[in-house]
Amino acid sequence: MEKIKVQHVTKIFGKHITNALKLVEEKKSKTEILEKTGATIGVYDANFTVNEGEIFVIMGLSGSGKSTLVRLLNNLIETTSGSIYIDGEDISKMNKQQLRKIRREKMSMVFQNFGLFPQRTVLANTEYGLEVRGIPKEERRLKAEKALDNAGLLPYKDQYPSQLSGGMQQRVGLARALANDPDILLMDEAFSALDPLIRKEMQDELLDLQQKVKKTIIFITHDLNEALRIGDRIALMKDGKIIQIGTGEEILTNPANDYVKTFLEDVDRSKVLTVENAMIRPITVNIELDGPKVALQRMREEEVSVLLAIDKKRAFKGYITADDALEAAKRGEKSVVSFLKTDMPTVPKDMLIQDVLGLISESPTPIAVVNENKLVGVLIRGVVIQSLASETEGVTKDE
Amino acid sequence: MSKMLDSIPTLPVADTVENVMDWLTGSFSPLFDFVQNGGKTAMEFITGMLVAIPPVVFILMIALIAFFATKRKFGLAIFSIVGLFYIYNQGLWDELMNTITLVIFASIIAIIIGIPIGILMSKSSVAEAIIKPILDFMQTMPGFVYLIPAVAFFGIGVVPGVFASVIFALPPTVRFTNLGIRQVPKELVEAADSYGSTGWQKLLKVELPLARSTIMAGINQTVLLSLSMVVIASMIGAPGLGREVLSALQRAQVGNGFVAGLSLVVFAIIIDRLTQSLNKKKS
Ligand SMILES: Nc1ncnc2c1ncn2[C@@H]1O[C@H](COP(=O)(O)OP(=O)(O)OP(=O)(O)O)[C@@H](O)[C@H]1O
Ligand SMILES: [Mg+2]
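Please read all numbers here as calculations on a predicted model, not as lab measurements. (Residues numbered from 1 in each chain as written. Chains lettered and ligands numbered in written order. Predicted model: local features only at pLDDT ≥ 70, side-chain atom pairs only at ≥ 80, totals over all residues. Heavy atoms only, no water.)

Enquirer: Can you break down the pattern of salt bridges residue by residue, with the values?
Expert: Any two side chains of opposite charge can pair, given that their charged atoms come close. All told, the structure shown has 34 salt bridges over all chains when counted by the stated rule. Two residues, Lys-143 of chain A and Glu-139 of chain A, come together in a salt bridge whose shortest N-O distance is 3.6 Å. On the criterion of helical spacing, the pair formed by Lys-143 of chain A and Glu-139 of chain A is a turn pair, its members being 4 residues apart in helix H6 (residues 137–150). For Glu-190 of chain B, the salt bridge is made with Lys-186 of chain B, and the minimal N-O distance between the two is 3.7 Å. Linking Glu-190 of chain B with Lys-186 of chain B, this pair stays in helix H10 (residues 186–194), spanning 4 residues, or about one helical turn. Since its relative accessible area comes to 11%, Glu-190 of chain B is described here as buried. Three or more residues joined by partner-sharing salt bridges are found here, namely Lys-3, Asp-87, Lys-106 and Asp-183 of chain A. (Salt bridge = Lys/Arg side-chain N within 4 Å of Asp/Glu carboxyl O. Helix = DSSP H or I, 4+ residues; strand = E, 2+ residues; numbered from the N terminus. Buried < 20%, exposed > 50% of the residue type's maximum accessible area, 1.4 Å probe, protein only.)

The structure is reproduced here in structure tokens:
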């Protein structure tokens, strides 16, 4: 069943809106429009529907209009034009009172920086939505305590938000939203401020929750992995426009490459995959022990045509190719040193993948991954691209 | 050139203002009289009460408040005891009580007027654009200029003194209230809105509590400004320590002037530290 329907919704910030609209229709870029009119395109002609019980992910680069779009849904920001239907009712036509009712009863929001009130205890924060609805003290207390209990936070109810860790604070944020028992949850980068481990945990909890209570969730993220992990469908935004909507699978298989790159530019640098996440186990030859024959034997065994060369201390020395090894074997040589090649680039294992993408696409050879001079892995182009898309399935992790 | 300037007759600014004031005092005189009499009675009553408290009790009370307000430190408490004893010892106790009454009245009225104006400013950019220049103007004006309308409306005495002090001390509370509310993080305002708060709920449950310490900083300044104005208001007959300073000044009595001036400093330090520590207490 359709829960949310967004039709031709546009939001333009600033003055000269009609001018700006005209320029968008002329396919002028966002910056050009800003320079000419001083107006910013927040969202332009967004169209989509979200079904009941669905997790609908909106992703895109910073400034692409994700936050604006989600705030249009509960009218924290008013639309410039277009209609938004919640359960068939157009919220852009509602008066203040009707809007408040929708916000109080139908949808709750979870914020990137948690949005907890610092002067209120955890319990008082959780009660907030019920309090503004005018629910009697006893009842709202019970409901809030139940929501906190579900989040495993009941023991902390009398603490203040600043006394909790980030993950716990966001659990409170979620509990506050759920205490209202809304149909719809709006989550604007709700997990982006959390560290990766906690983040994964929260994603799991959200999925569990979804199984149990079947809320309709609009989830904003700029993390591709997160989107793929929790989204039933994903909408991709660029410069205020929705450029693609589909399941994760559809989005990946369709225009994958270009998009993957775009996402990477967007992703918060600190939280993106590192080289270590995408590297695979290197097949090696030890230049101090192994000769050409051993090398050839290993290549056959592992079905590769290149071996990475190391010494006894696993220090990276270069690589050898099957052709060279074959010839050396014919000549009866005992060592691989004579045909060792050294033109393979190396990167440290904790470097961000987005920073080595250029290198990967230019280098004719794979790239060696080193940690304090020791060889720890190898980056192969195809595998890297794949890992960007499906790191969560763990296909490419190979220790 | 100067001929051309001279050819324009003196513009009747002074006359106009006078006429407006005449009209105001004329048409609202019952109101002004009422405020004058009512205010005077109320303030004399409070001063009477303060004077009735035995000085020892009063000094110990202030010391106790200071002790607890500063998280059980002795510094301010001891300073209060020594300082207040000095004032008592110099025979200025009644004057001090008069000053306290004036400061209390002026500050409370300034706060009661100032906070709502600050809230209005924070909520409406139009209001902010109008009120801000007025506040700037008020703050560049030398304090004793306010004595003129005060005298025009209320004659001389305590009430015009308080009136002038209120006007003089108002700006910080207004400014800081506005600032404090505008400084509430956007995400928290959004959180309040997204849960369907009404404007009042948002103000009372989220904005004012979060702006509290900023507003308190403004109130602290307002209290100190009203003290400084209360001194100036002695020129129009407001009683208190200020009057002692003024009369010493008029008679060129350096010694007396020093004694009264030092009393004022002592009192100022005590109320400054007290209002500041009230602010720090919770946060
Ligand atoms: N109140 C506002 N006034 C003017 N322009 C705004 C306002 N809010 C957002 N914008 C502009 O609208 C565009 C979209 O912003 P939005 O915050 O929706 O992006 P986003 O996708 O959420 O980005 P991020 O990932 O950085 O959070 C940006 O260009 C931004 O500058
Ligand atoms: Mg955003």
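That shown, we press on.
Enquirer: Just give me the short version of the UniProt feature "transmembrane region" (unreviewed entry) in chain B, but keep the residues and values in it.
Expert: Residues and elements named next belong to chain B. Summarizing the sequence annotation, UniProt attributes the feature "transmembrane region" (unreviewed entry) to residues 45–67, 74–93, 99–122, 143–170, 223–242 and 254–271 in the numbering used throughout. In the segment residues 143–170, helix accounts for 75% and strand for 0%; the C-alpha atoms at its two ends are 12 Å apart. Between the end C-alpha atoms of residues 223–242 the distance is 16 Å, and the span holds 60% helix and 0% strand. (UniProt positions renumbered as here; feature names shortened; annotations may be inferred.)

Enquirer: Got a sec to walk through the nonpolar core? Specific residues and values, please.
Expert: Counting 76 residues, the largest nonpolar core has Leu-69, Met-187, Ile-218 and Phe-219 of chain A as the members making the most contacts within it. In terms of residue count, the dominant contributor to this core is helix H7 (residues 166–179) of chain A (6 residues). Other than its neighbours up to four places away in sequence, Phe-219 of chain A contacts Ile-55, Phe-56, Val-57, Ile-58, Met-187, Phe-191, Leu-206, Glu-226 and Ile-230 of chain A. Residues Leu-92, Val-158, Leu-227 and Leu-274 of chain B belong to the second largest nonpolar core, which totals 67 residues. (Core = buried A, V, L, I, M, F, W, Y, C linked by side-chain atoms within 4.5 Å. Contact = heavy atoms within 4.5 Å.)

Enquirer: Got a sec to walk through the packing of aromatic side chains? Specific residues and values, please.
Expert: Taken as a whole, this structure holds 14 aromatic pairs over all chains when the rule is applied. Plain terms: the ring middles of Phe-67 of chain B and Phe-68 of chain B are 5.1 Å apart, the flat faces sit at 70° to each other, and that makes the pair edge-to-face. Take Phe-67 of chain B: its relative accessible area is 17%, and that puts it in the buried class. Residue class for Phe-68 of chain B comes out partly exposed when judged on its relative accessible area of 42%. In this arrangement the basic side chain of Arg-176 of chain A is found over the ring face of Phe-117 of chain A, its NZ or CZ atom lying 5.2 Å from the centre. (Phe/Tyr/Trp six-rings, centres within 6.5 Å; stacked < 30°, edge-to-face > 60°. Lys NZ or Arg CZ within 6 Å of the ring centre and 35° of its normal.)

Enquirer: Describe the interface of chain B and chain A, and please don't skip the residues or the numbers.
Expert: Taken residue by residue, the interface counts 17 residues in chain B and 27 residues in chain A. Both sides of the chain B and chain A interface together cover about 1,800 Å² of buried area, and 56% of this is carbon and sulfur. For Glu-131 of chain A, the salt bridge goes to Lys-205 of chain B, with nearest N and O atoms at 2.6 Å. Counting the contacts that link chain B with chain A gives 12 residue pairs in polar contact (both at pLDDT 80 or more). Put simply, the parts of the chain that give the side of chain B that touches chain A at least two residues each are H10 and helix H11 (199–232) of chain B. Counting residues per element, the side of chain B that touches chain A draws most heavily on H10 of chain B, which supplies 7 residues. (Buried area = accessible area lost by both parts, 1.4 Å probe. Polar contact = N/O pair within 3.5 Å; in protein donor to acceptor, adjacent residues only side chain to side chain.)

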